[in-house]
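# Commentary on secondary and tertiary structure
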Number of protein chains: 2
Amino acid sequence: MGDESKIRVGLLGCGTVGTGVLRILRDNASDIEARLGVKVEVVKIAVRDTDKPRDGIVPRAMMTRDANEVIDDPDVQVIVEVMGGYEPARTYLTRALNGGKHVVTANKALLARHGAEIFRLADDVHRDVIFEASVGGGIPIIRSLREGLASERIDSIHAIINGTSNFILSAMSTEGHTYGAALANAQARGYAEADPTMDVAGTDAAQKLSILIALGFGTDVPFEKILTEGIDTVSADDIAYAKSFGYVVKPLAIARAHEGAIEARVHPALVPVQSMMGSVRGVFNAVYVHTASLGPLMFYGQGAGMLPTAAAVVSDVIELGRNILRGTSGRIPHLAFHEGLIPQRALRAPAETECRFYLRFPVSDQPGVLASIAGALGARNISISRMVQDDSDGTAPVQVVMLTHEAREGDVRDALSTIGSLPFVRGPIRYLRIEEIR
Amino acid sequence: MGDESKIRVGLLGCGTVGTGVLRILRDNASDIEARLGVKVEVVKIAVRDTDKPRDGIVPRAMMTRDANEVIDDPDVQVIVEVMGGYEPARTYLTRALNGGKHVVTANKALLARHGAEIFRLADDVHRDVIFEASVGGGIPIIRSLREGLASERIDSIHAIINGTSNFILSAMSTEGHTYGAALANAQARGYAEADPTMDVAGTDAAQKLSILIALGFGTDVPFEKILTEGIDTVSADDIAYAKSFGYVVKPLAIARAHEGAIEARVHPALVPVQSMMGSVRGVFNAVYVHTASLGPLMFYGQGAGMLPTAAAVVSDVIELGRNILRGTSGRIPHLAFHEGLIPQRALRAPAETECRFYLRFPVSDQPGVLASIAGALGARNISISRMVQDDSDGTAPVQVVMLTHEAREGDVRDALSTIGSLPFVRGPIRYLRIEEIR
């Protein structure tokens, strides 16, 4: 097992997260040593530009432009990959595992696409790959699903795992901003990229949900197959109407276990304003898990940013350090379940989703409208629990807003398609799902 | 390492939690096996009364009145202690460890008093004692402090870890109940014991806080030394005034790191009604941890009850099972830190606490009262941020309620002692601390 007087780390990438890792290892060195029993030392760092100024936190002599120098260094026990992207990250991790290194990665995109292959290799060579930072930043949700909830049969997961989207919807909700203004604000603060598509369209959340589904339910659901709707079509009006009914609009990633199937979807949804999830504001993330034994359980914290993400990476290094010091690996299956011991479940068709719905109809102010809408809904077994209709100013369309009782999504879509073609409908019908989580 | 085809458990005690453990092991058997790789099997159970009916969940042949039969059974690898109390639990665990068993316990009272001795023995004999269920029921907070936050230097912990107290204060807050009515309601629902002292006086929370302090800060603070104030002196009036200022009263257990010292206290406190902690209602628990890198992090869930507690116990059995299957132990120090690597810090004197205060003075409605109060506060550098005075009905005392800016607790006590002796004060002065956690 070699020199056990310290755990030696090689870093691939030294951007925001990598710099954070170095800062935490420096600032919390004594705490980390007290917990692990030995020091953690970064011995080599692969960077794109060795001349870039780095605030004195990165000793020049440690840096190299050649990642293989880090990977092949016989002193390095743990490779930390914080480069992001599919390639060359995938090639590097493969080489690192084959060379006998353990791996920490924060790369959710890589795991969402190539996780199965990487984990299989790690199993074959008896090395561990862990990835706490890939979902929920500094929230120890992956560890909790793999270990803390190991006794549980999970019913459902509701997660706010895209801080950018939560910041935008929160700003629309509390400041009354339009989507555009809230996005511009998020960009100005560095919470949203110049091209925010990955965040606001839901792809980032779908990648993370795919990982949570694997860990929570033992089923492989490729993120591209998850129903994914962005927050960019939520209007300030929808948020105001939701509020008047006691709800707030949140960007949710949802998974639910059914007999033989997994339901998975990413979309904005109404949650009770008084609920724990309704209280998660700004860039904060939260993961709400429900099991038969535990009822609801929630994990809350910062889902992104230099130091929260780096803290998760360093906690992973410490976990690998504990394994290295005990000469063990493979204590926990990479994706929480032993292959072959958990039946793979199919992805449930989105039309089968059952929940309550928020519906907004822009209509002409004329007699019979409500009866037509209610009739079309009723014909598909959709019943209305609450309704509000704006006062008319005689010119603009009147907004008819309804909350339904629980209904099948396929039925709702059919009904809306019928209603959409009626002559009194004066614009696109908006619908949002309601999640009655507490 | 013997037969590794299953993990064999001996159960000491089969009351509420023990029955819950058996139920989870039965109901979630396939999930547990899929996660651990092998089955978990209870092979022997020590009970007080083998004739008591147990819903068919406990095979009669497995039961014995002699705990040593369980402890000494060579087949048993893990002893689960869910008896509670100091003795004979302590003697049994000692014998179990000396006999080479690993131990899971939910017994916070035992750990708060004899933890050091038990953990030392476990280290000596290379066995593990784990205890997730001892704090926060089904919330994986102990695991998170030992592992998920291993990279962190923790600044502070704010915890709602007594569900009974939270239920009572929540009912007073939302239903306007008096303390007595809320307590009776809690007792009727089984949330409070006939003698509720351990819960409402704060002892239970202090025992749990002592464990959180050990795990979070590496310092041993006996629970008897922690400033502990119960919720039984909180009045419906205080709750109503707090609400008018935007706060809600919560039963908090608080610990904070200072240079060379640890601040620790258990008492009801005002927290912002819009905050995450302010949203934790009913019997729910939550632990809010703040670190420099992570900012705030919160864990929320059911802190008591048969199945939540049992779920934590079973997750511990699975953790020990993973160690047994790998032939390892001692991966993580029992109390998170390696002895000798973390400086022990002193307990800070309560007078040194600095926070904002809520003060309520029942006074005669006469000129000069406010000036006298403000003067006595000002003389000790306590400045007032907000004030409200009731309309007088001419007979009853007028309530003067103030929120202070941050002040030193010793100064506040001195000032209140001075004010208490002034002639216009017509009843006991109430003060509550304010915790500005978000």
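Above: the structure in question.
The present account deals with the structure reproduced in this document. Everything quoted here is computed from the prediction, not taken from an experiment.

## Things to note about the overall build of chain A
Helix and strand counts for chain A come out as 14 helices and 18 strands. Dimensions of chain A, computed from C-alpha atoms along their principal axes, come out at roughly 85 × 50 × 35 Å. A total of 438 residues make up chain A; the buried ones form 59% of that total. The long-range share in chain A, meaning contacts at least 24 apart out of those at least 6 apart in sequence, stands at 73%. With the model as given, the accessible surface of chain A reaches about 16,100 Å², and the carbon-plus-sulfur share is 49%. One finds the centroid of the 45 positive side-chain charges in chain A at a distance of 2 Å from the centroid of its 52 negative side-chain charges.

## Overview of the pattern of salt bridges
Residues and elements named next belong to chain A. Within this structure, the stated rule accounts for 56 salt bridges over all chains. For Arg348, the salt bridge goes to Glu263, with nearest N and O atoms at 3.6 Å. Remark: Glu263 occurs in strand β10 (residues 261-272) and Arg348 occurs in the loop between β13 (346-347) and β14 (354-363); sequence separation between them is 85 residues. When its relative accessible area of 24% is taken as the criterion, Arg348 is described as partly exposed. A relative accessible area of 3% means that Glu263 is categorised as buried. What you see here is one network of salt bridges that share partners, running through Glu132, Arg143, Arg146, Asp316 and Glu319.

## A short note on helix α13 (residues 369-379) of chain A
Residues and elements named next belong to chain A. Those residues of α13 not exposed but buried are Val369, Ile373, Ala376 and Leu377. Around the axis of α13, the buried residues are gathered within 100 degrees of arc, so they sit on the same side. Within α13, the exposed residues directed more than 90 degrees away from the buried face are Ala371 and Ala379. The elements touched by buried residues of α13 are β14, β15 (384-389), β16 (398-404) and α14 (409-420). Where α13 ends, the next residue or the one after it, Asn381, has phi of about 65 degrees, a positive value.

## Quick notes on the environment of B:Gln399
Residue and element names in this part refer to chain B. Here Gln399 lies in strand β16 (residues 398-404). For Gln399, a relative accessible area of 12% translates into the label buried. Remark: the alpha-carbon pair of Gln399 and Pro362, spanning 37 residues in sequence, is separated by 4.6 Å.

## As for the sheet that holds strand β6 (residues 129-130) of chain B
Residues and elements named next belong to chain B. A sheet is described by the order of its strands in space; here six strands give the open sequence β3-β2-β1-β4-β5-β6, paired in parallel fashion. Two strands close off the open sheet at either side, each with one partner strand: β3 (63-64) and β6. One ladder, built from two bridges, connects strand β5 (residues 102-105) with β6; its direction is parallel. Residue pairing in the sheet places Val104 in a bridge with Ile130 of β6. Helix α1 (residues 16-27) contacts β1 (6-12) and β2 (39-46) of the sheet and is inclined by roughly 150 degrees relative to β2.

## Thoughts on the relation of the copies chain B and chain A
Relative to chain A, chain B is turned by 180 degrees and slid 0.0 Å along the rotation axis, the superposed coordinates differing by an RMSD of 0.0 Å. When the rotation and shift are considered jointly, the pair of chain copies conforms to a two-fold rotation axis. The rotation axis passes nearest to the C-alpha of B:Phe299 in chain B, at a distance of 2.4 Å. Same-surface contact between copies: 100% of interface residues of chain B are shared with the interface of chain A.

## Some words on the interface of chain B and chain A
At the junction of the two partners, chain B supplies 64 residues and chain A supplies 64 residues. Contact between chain B and chain A buries roughly 5,400 Å² in total, counting both sides, with carbon and sulfur atoms accounting for 51%. Seen at the junction of chain B and chain A, the total is two salt bridges. Here B:Asp31 makes a salt bridge to A:Arg153, at a shortest N to O gap of 2.6 Å. Counting the contacts that link chain B with chain A gives 33 residue pairs in polar contact (both at pLDDT 80 or more). Within the residue set of the side of chain B that touches chain A, elements represented by two or more residues are α1, α2 (29-36), α6 (141-148), β12 (295-302) and α12 (306-326) of chain B. Looking at the side of chain B that touches chain A, the element that brings in the most residues is α12(B), giving 10 residues. Its residues placed into classes, the side of chain B that touches chain A shows 30 nonpolar, 20 polar and 14 charged. With three bridges joining them, strand β12 (residues 295-302) of chain A and β12(B) adopt antiparallel strand pairing. Bridge assignment links A:Phe299 to a residue of β12(B), and that residue is B:Phe299.

Parameters at a glance
Residues numbered from 1 in each chain as written. Chains lettered and ligands numbered in written order. Predicted model: local features only at pLDDT ≥ 70, side-chain atom pairs only at ≥ 80, totals over all residues. Heavy atoms only, no water. Helix = DSSP H or I, 4+ residues; strand = E, 2+ residues; numbered from the N terminus. Buried < 20%, exposed > 50% of the residue type's maximum accessible area, 1.4 Å probe, protein only. Contact = heavy atoms within 4.5 Å. Areas by Shrake-Rupley, 256 points an atom, 1.4 Å probe, with all protein chains shown as cover. Lys, Arg positive; Asp, Glu negative; His and termini not counted. Charge placed at Lys NZ, Arg CZ, Asp CG, Glu CD. Salt bridge = Lys/Arg side-chain N within 4 Å of Asp/Glu carboxyl O. Arc of directions from axis to C-beta. Pairing = 2+ DSSP bridges. Axes fitted to C-alpha atoms, helices over the stretch in contact; angles between N-to-C directions. Least-squares fit on C-alpha atoms with pLDDT ≥ 70 in both. Buried area = accessible area lost by both parts, 1.4 Å probe. Polar contact = N/O pair within 3.5 Å; in protein donor to acceptor, adjacent residues only side chain to side chain. Nonpolar A, V, L, I, M, F, W, Y, C, P; charged D, E, K, R; others polar.

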